[in-house]
Every structure is written in C-alpha cells, then in structure tokens.
Amino acid sequence: MISTYLSIAQLDLPENLVAEQLSYLEQYLADAELPEVRWQYQIPELGEGGACSLFGYLQDEPFKLSDYVANNAENTAKLAKLQQIIDFVVEKTQVDWFGIYQATATDEGKQLLKLVYHGAPSRPLFPITEAFAKGSNNVQVALSKRGRVINNVADYLAKGGEYYTCDPNVKAETCLPLLSQQNECLGIIDAEAFNNDFFDKQTLALLVACCIKIPQLLV
C-alpha cells in the first residue's frame, strides 16, 4: 500500500520511514481522547471572481459543513477521528496550517470540501476544474494524483510558478492526494508552514502516513 501510494504520488521517501510514522499515528488514534467536531467555521471573503481569498476579511455568516455532510453520529465520529489526525500532525511538526479535504459533488459541480483543519480561516470549497488548477496546488493534486512539495514559495513564484495565495505568511506548502483502494483520488491534504524548507523527509513521511489512514475515515 505504501509503495503504491509513493509511486502514484511521485514521492521519493523510504517505505520503512512511512510505516514507522503510520504506526505512531495508529497508536495516537487509539489512545487520544476524541476532540469536538466543528460543524461550522468562519471563512474569508473571496476576491473578484471568487479566485482568491481576501486575507483578514471574514464573511459574516459561518460556513455550515452540515449543508454538505449529514450531521449524524457516524459522520461525527469520523470527523472527530480526522480532527485527531490534524491534532497529531500539529503536535509532532508544529505546522502552521493543516487541512483535510474530500472530493464532493455539489450543485456547482465537483469540489474539494474542507472537512477539518487547524490554523487561520480559509476558503471551504475549491472547484475541481482544469481552469482553477492553473493557480491552485490543491486542485492540481486532486486532478493529477501527484504530490506537490514547495519548500520556498517565494523562489517558486520567482521562477514563474502559479500559486494560489491565501495567507501571505506561508513560505512552504505540501499538498498530497488521498487515494481509494482503486487508486482514485478521494480528496487531498494541505499543509502550510511559515518557514522555508519545513517539509523534510521525516515530516513528509508523517503526512504520507496520514494519507494512508485518512481514506478509511472520509464521510
């Protein structure tokens, strides 16, 4: 499973390092108390055309996750486990932002829906389209199933890379796909740091371990 994931996501990491991190994650999930689930959260205003968030400007009304995910006991338990994974990653790495997104059918088409996260408010939905992918790491990963690791955003932009900016403090970002047993893309994870070169092999191995576990808990 780990070998297949690394091959599809095109990540050069030792399998044993990922397996070790997966074992730590499984133990944490077995021992830690379940956190509360946020069924709604604040989100930023979107810029002209809805292409990017206006950092620091929040919409008056919170985003209601229950408009897209049934608020029942089974889903609440799964979301709590997903939040546990968020908490584990933040505790182990001190990453500044981390979110789990699920590919979801909506009235506006298929989108990445933010289920749980840690960090500053951010947009809840990303349209999974080729047009939006031109400026969005999240959507590029959802369409290609290839991981994207940018350890220096400023350098990446200077070299002509397209980048969707939500928080100007972000200096490094990693987006990885969530795959089904049939290797279809079920969603993505997105991790952001305020320091360059944040995503070393150890941190990436932990994130891949999360990607192995998360598909079992999607709603």
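Source: prediction; values computed, not measured. (Residues numbered from 1 in each chain as written. Predicted model: local features only at pLDDT ≥ 70, side-chain atom pairs only at ≥ 80, totals over all residues. Heavy atoms only, no water.)

1. Side note on helix 3 (residues 73–93)
Moving on, step 1. For helix 3, with 21 residues, the first-to-last C-alpha span of 30 Å sits near the 30 Å given by 1.5 Å per residue.
Moving on, step 2. In this fold, the buried residues of helix 3 make contact with helix 2 (15–31), strand 5 (97–106), strand 6 (109–118) and helix 7 (201–213).
Moving on, step 3. Where helix 3 begins, the capping side chain belongs to asparagine 72, and its oxygen is found 3.3 Å from the backbone nitrogen of glutamate 74.
Moving on, step 4. Just downstream of helix 3 lies glutamine 94, where phi reads positive at about 65 degrees. (Helix = DSSP H or I, 4+ residues; strand = E, 2+ residues; numbered from the N terminus. Expected span 1.5 Å × (residues − 1). Contact = heavy atoms within 4.5 Å. Polar contact = N/O pair within 3.5 Å; in protein donor to acceptor, adjacent residues only side chain to side chain.)

2. With respect to the state of the cysteines
Moving on, step 1. Tallied over the full model, the rule gives 0 disulfides.
Moving on, step 2. Left without a disulfide partner, cysteine 185 is nearest to the cysteine sulfur of cysteine 211, which lies 9.6 Å away.
Moving on, step 3. Judged by relative accessible area, cysteine 185 falls into the buried class, the value being 17%.
Moving on, step 4. We note that cysteine 211 lacks a disulfide partner, and the nearest cysteine sulfur, in cysteine 210, lies 6.9 Å from it.
Moving on, step 5. Among the residues examined, cysteine 211 registers a relative accessible area of 2% and is labelled buried. (Disulfide = S-S within 2.5 Å. Buried < 20%, exposed > 50% of the residue type's maximum accessible area, 1.4 Å probe, protein only.)

3. Side note on the pairing of strand 9 (residues 172–179)
Moving on, step 1. Taking burial as the measure, the 8 residues of strand 9 include 8 buried ones, the bulk of the element.
Moving on, step 2. Sheet topology places strand 8 (residues 148–150) next to strand 9; 3 bridges connect them, and they run antiparallel. Each residue of the ladder has a partner; that of arginine 148, found in strand 9, is cysteine 175.
Moving on, step 3. For strand 9 and strand 10 (residues 185–193), the ladder comprises 8 bridges, and the chain directions are antiparallel. Directly across from alanine 172, in strand 10, lies its bridge partner alanine 193. (Pairing = 2+ DSSP bridges.)

4. Some thoughts on the packing of aromatic side chains
Moving on, step 1. Enumeration over the complete set of coordinates arrives at 9 aromatic pairs.
Moving on, step 2. Relative to phenylalanine 132, the ring of phenylalanine 126 lies with its centre 6.0 Å away and its plane at 75 degrees, an arrangement referred to as edge-to-face.
Moving on, step 3. Phenylalanine 126 sits in the buried class, given a relative accessible area of 3%.
Moving on, step 4. Judged by its relative accessible area of 15%, phenylalanine 132 falls in the buried class.
Moving on, step 5. We note lysine 114 situated over the ring of tyrosine 117; from NZ or CZ to the ring centre the distance is 4.0 Å.
Moving on, step 6. Stacked on the ring of phenylalanine 126, the Lys or Arg arginine 123 has its end atom at 5.0 Å from the ring centre. (Phe/Tyr/Trp six-rings, centres within 6.5 Å; stacked < 30°, edge-to-face > 60°. Lys NZ or Arg CZ within 6 Å of the ring centre and 35° of its normal.)

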